[in-house]
Amino acid sequence: MACFPQVASFFLFLTKLSIGQREVTVQKGPLFRAEGYPISIGCNVTGHQGPSEQHFQWSVYLPTAPTQEIQVISTKDATFSYAKYTQRVQSREIYVERVQGNSVFLHISKLQMKDSGEYECHTPNTDGRYYGSYSAKTDLIVIPDTLSAAMTSQTLSKEEGDPLELTCEASKATAQHTHLSVTWYLTQDGERSKASKIISLSKDFTLLPGPSYTERFAAGDVRFDKLGVTTFRLSIGRLRPSDQGQLFCEATEWIQDPDESWTSITRKQTDQTTLWVQPAVRDFQVNITAESTVPEGKPLELVCLVMGGGQDPQLQGAWFFNDIEIAHIDAGGVLGLKKDYQERVSQGQLQVSKLSPKSFSLKIFSVGPEDEGTYRCTVAEVTRAQTGSWQVLQKKQSPDSYMHLRKTAARNVVVSIKNRQQAVWEGEALTLLCKASGAESLLSVSWWHVPQGQTQPEFVAGMGQDGTVQLGASYGELDHHSSKRLEKMDWATFQLELTSTSVTDSGTYECRVSESTRNQARHQSWTHKMSVTVKPLESSLQVSLMSRQPQVKLTNTFDLSCIVRVGSPDLKFPLTVMWQFQPAGARAFDLLLQITHNGTIEWGKFLPQFQKKTKVSQSSFRSQLLIHDATEEEAGVYQCKVDVYDRNSLHTNGPMRASAISHPLRINVTLPESKLKVNSSSHVQEISINSNTDIECNILSQSPGNLQLAIIWYFSPISTNAPWLRILEMDRTQVVKYGDEFQTTRRKQKYHAEKASQDLFQLHIVSVEDSDQGRYRCAVEEWLGSTHGTWHKLGEKTSGLTELKLRPTGSKIRISKVSGTKNASEHSEVAIRCSLETAGSTASLFSAMWYWKGENSGSKMLVHLQHDGVLEYGEEGLRSRLHCYRASPADFVLTLQRVEMGDAGTYWCRVAEWQLHSNPSKWVNQASDESQHVALTVLPSEPTFPSRICSSAPLLYFLVICPFVTLIPLLISLLCLYRKARKLSTLSLNVQKEKALWMDLKGAGGRTINRMEEDGEDS
């Protein structure tokens, strides 16, 4: 039971979390408001329980009794108000407006000075318990109304265009920081509630014109100026009749509340000034211009011109025909027409418009007999009344103008070709002109085509009098990219253009011109024909392939030009060019790229690097490839195939017109001639022992291009006929690789290669010894690289010899030069000696290197007995059969065990003397000498019986296979005997079982008879 309070407390805590906390908020104060003006204070409650519609109670704490609550008004209890507020609440001078269920406004319509105090908004509890805040307070301070606005009341009579200035005095004496806004208004019916704003100076000191005065304010005709602290002036530069009415000024005082919003607290309006504006009367004259005689079917335009009058008058005009009004346009541009003329306007036969502020137009597009007569126009100057209607100021009319109609004369039609060539190439443009003679009139035209070999004409295109174009059914839809185009060049000339002809366009073309008026029942027509021939394009198409560099050097640039010749030189067609390539040794061509007639480049899958190194350019009759960085892969045979398309194929997907393939062109890619030169002069370097030296390799000249050099250093010892040994190679990527004889750590530390400059390479030799004496040279290889990573060897040059000698040190070593021969039997052991003629200094150590040279092979180092006694073998496989040791201070012995036939050859040794120099831990090769060569002959050993067997392959096969051949029949015979014996055993067992069974049956039968006899005797 002890834990029950804790559990209860926990559940109480969860309950608090699940129930919202009530919070009441009011508008933040203090709120300053002027006496005699309204105020609205908002109150809102959130986080409550119970009904959604909450009740609110408003109270006030007056400054005279700040702790005493005075109840003002309640939404729940009508008797909530104290006596001093009862009357004001009942008269709705004080009331509560509910905005939502949880939000209200307290309104005081007319503030009194005694209304200052701290106002509290309280919400009665509707929750199951008290949790949160149930009231909120704000301060209201009522201040005196100090705003004043004044203007002298007067009546002014002005004429249109006169200026006007009015001033308004507005001031305030509020102790708080407030802003003032001033607005000028105009009312024309005396009701200030319907007044329209002229211009205002806002509380943030911005000038804002009214909707009707925006343009005049922007033009500077309406101004607002502040003169001093309290004087505000309205200026109108040129009065208009619409400015007539009553003008007054309104001042408004604004204060910023703690929530940073601006609120108007006072407003005052001045007395009004009555303004009369007399419209200016400006005399003007009206005249009409038109042709007196017009051919039938031709257009007629009458223009009514106003001469004189004001600068920007508002005019409306009317047209009369034979004293009957047929059309009028008011000052706002609204058009009115007589009924039968409405139909003619809707059909596009007639147009009435206002060309400028002082000119009106009446246009008849095709004059007929019904249009012959007397025309007159009237113009009235008007002004807009306050009611919105137009008020006529003055009205004038033009003199009469009579229009005579001239009848149409006879016509003639002629068809011609624009370029005067009746034979054109396929795809070339063909322009046919059809020209009619006679008087100007509205004409319609139709073109017909009779193909070659046919008699039935086909409709190509037509144009009506209204300009509507129609195409024949077999010529597709009319659009911007149509291959047939019909245009009207002037009233009598019609042009039919075939932008891209085909062979089927050959034949006879006929132009039919028709003329009709609105009152003519029959059409008049005229025709003319002309024959046209279209030559096929296939017969003139030629494609040739050219290159300025058919023999291309590696990494150079070469070009391929595919030149197209077709028809006339002036013809230009969309071309699809396919570049094809046949590599060396291939039988078929592969697609390199295709440049389609719409400009798209499609690359083939062959030679993927081709796209990265090729620049493609194409013009009307030429397609060119510029291939950079040529490699062997680009060597082969090229050809180009050209497809010619219709001119409109970019938009209409037209068919291919013609096709041709160029002759094949072979491109050979060869290596460029190497310009490599290396210093070939020889020289001798003589240096002290144990010193460092550099062997130089100078490059005199190189080939141009993306080149890299590989340097190989060689060394030949002093001994006669000594081979050249490769010390190291620094390849084109600056990677160093040591030769087979220089793989030891000691030798790698001794020799270093360096690229000193672009043209100088050096071999550094550290601590030169006697064994380093000899001849040195460098071999320089020139490598040319392509963009896709392939390298080609251009050439190789060898430098001159640098002979390295040591200055004499007084130390000499001599080896016995007695040459000889040795014979050894195969599989035996042999020893070869190398002897010193002098024992040397006691401070010296000696090393011996044994060499061997076969009859058909080069020399190689067998084993090296170093000065510290360590053995180093030339090949690891020799360790098991070779042994080198020093038998005495003057004798070095090489023992060769298990001699083989391949060991025959020449053997010799080189003995070197080592002494300490400078550093006690540094042994230096002081001098060396080489012995004479000893020839070793290996004699075959006497063969034993096992060796003879092993040496004869047929005998070996016989001895191995014969036992198996003999054993197999023996095994088969034994298996047959075994099976027969087992079968006989089984038969014998079955016979014995039968005999036993018959004996058992026989014994059993005898016993039964005896038993029956015994039973008979008993009975």
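First things first, this report covers the structure right here in the doc. Per-chain numbering applies: the sequence of each chain, read as written, is numbered from 1 onward. Only residues with pLDDT of at least 70 get local features here, since the model is predicted, and only at 80 or more are side-chain atom pairs given and counted; chain-wide, interface and lining totals rely on the full set of residues. With hydrogens and water stripped out, all remaining heavy atoms of the structure feed into the side-chain values.

1. Thoughts on the sheet that holds strand S10 (residues 148–150)
- Two strands form a pair only when DSSP identifies at least two bridges running between them. Helix numbers and strand numbers start at the N terminus; a helix is a DSSP run of H or I with at least 4 residues, a strand a run of E with at least 2. Here four strands make up an open sheet; going across it, the order is S10-S12-S17-S16 and the pairing antiparallel. Here the strands that pair on one side only, and so sit at the sheet edges, are S10 and strand S16 (222–227). Within the sheet, the average angular offset between the axes of one strand and its neighbour, ignoring direction, is 20 degrees.
- Examined bridge by bridge, S16 and strand S17 (residues 231–236) share six bridges and lie antiparallel to one another. Across the sheet, Lys226 pairs through a bridge with Phe232, a residue of S17. An axis is simply a line fitted to the C-alpha atoms; with a helix, the fit covers only the stretch in contact. Between two such axes, the angle follows the N-to-C directions and lies from 0 to 180 degrees.

2. Re the packing of aromatic side chains
- In this scheme Phe, Tyr and Trp rings, the latter by its six-membered ring, pair at centre separations within 6.5 Å, and the angle between planes marks the pair as stacked below 30 degrees, edge-to-face above 60, and tilted otherwise. Throughout the structure, instances matching the rule amount to ten aromatic pairs.
- Both rings, one in Phe581 and one in Tyr638, keep their centres 4.6 Å apart while their planes meet at 40 degrees; by these two values the pair is tilted. Of this pair, Phe581 sits in strand S45 (residues 575–583) while Tyr638 sits in strand S50 (residues 636–645); the two residues are 57 residues apart in sequence, bridging distant segments of the chain.
- In textbook terms, an aromatic cluster arises when at least three aromatic residues are bridged by ring pairs, as seen for Phe558, Phe581 and Tyr638.
- Geometry around Trp783 places Arg732 over its ring, the cationic atom sitting 4.9 Å from the centre. Counted as over-ring charges are cases with an Arg CZ or a Lys NZ within 6 Å of the ring centre that also lie within 35 degrees of the ring normal.

3. With respect to unusual backbone geometry
- Look at the link from Gly29 to Pro30: it is a cis peptide, with omega at 0 degrees.
- With respect to the helices and strands, Pro30 occurs in the loop between strand S1 (23–26) and strand S2 (31–34).
- Unusually for a residue other than glycine, Asn690 sits at a positive phi of about 70 degrees.
- In this structure, Asn690 sits in the loop between strand S54 (683–687) and strand S55 (693–701).
- Positive phi, close to 55 degrees, is recorded for Ser767, a residue that is not glycine.
- Inspection of the secondary structure puts Ser767 in the loop between strand S60 (760–765) and strand S61 (774–785).
- Residue classification places Ser767 among the buried residues on the basis of a relative accessible area of 12%. A simple rule labels every residue: compare its accessible area, found with a 1.4 Å probe on the protein chains alone, to the largest value its type can have, and call it buried under 20%, exposed over 50%, or partly exposed in between.

4. Regarding the sheet that holds strand S9 (residues 135–143)
- Across the sheet, which stays open at both edges, the five strands sit in the order S2-S9-S8-S4-S5 with mixed pairing between neighbours. What marks the edges here is a single partner per strand, and that holds for S2 and strand S5 (70–74). On average, each strand axis in the sheet is inclined to that of its neighbour by 30 degrees, with strand direction left out of account.
- As paired elements, strand S4 (residues 57–61) and strand S8 (residues 117–122) share five bridges and run antiparallel to each other. Pairing of Val60 across the sheet is with Tyr119, part of S8.
- Running at roughly 25 degrees to S5, helix H2 (residues 83–90) makes contact with S4 and S5 of the sheet. In what follows, residue pairs with any heavy atoms lying within 4.5 Å of each other are defined as contacts.

5. Notes on H2
- If you check which residues of H2 are buried, you get Tyr85, Arg88 and Val89. Along H2, the residues classed as buried sweep out an arc of 100 degrees about the axis, all on the same side. Residues of H2 that are exposed and point more than 90 degrees away from the buried face comprise Ala83, Gln87 and Gln90.
- Next to the buried residues of H2 lie S4, S5, strand S6 (94–100) and strand S7 (103–108). For this quantity, the arc is that covered by the directions from the helix axis to the C-beta atoms.

6. Observations concerning the state of the cysteines
- Disulfide: a pair of cysteine sulfur atoms within 2.5 Å of each other. A full pass over the atoms with the stated rule returns seven disulfides.
- Here Cys43 connects covalently by a disulfide to Cys121, the sulfurs 2.0 Å from one another. Since a negative S-S torsion denotes a left-handed disulfide, the Cys43-Cys121 link at about -85 degrees is left-handed. Pair noted here: Cys43 is in strand S3 (residues 39–46) and Cys121 is in strand S8, with a separation of 78 residues, a long-range link.
- Overall, Cys43 belongs to the buried group, its relative accessible area being 2%.
- You can call Cys121 buried: its relative accessible area is 0%.
- Not part of a disulfide, Cys884 finds its nearest cysteine sulfur in Cys909, a span of 8.5 Å.

7. Some points on the pattern of salt bridges
- Salt bridge, as used here, is a side-chain nitrogen of Lys or Arg placed within 4 Å of a carboxyl oxygen of Asp or Glu. Within the structure shown, the criterion is met by 28 salt bridges.
- Of the charged contacts, one joins Arg33 and Asp257 as a salt bridge, the two residues approaching to 3.0 Å between their closest N and O atoms. Placement of the pair is Arg33 in strand S2 and Asp257 in the loop between strand S18 (245–256) and strand S19 (262–269), with a sequence separation of 224 residues.
- In this structure Arg33 comes out as buried when scored by relative accessible area, which is 5%.

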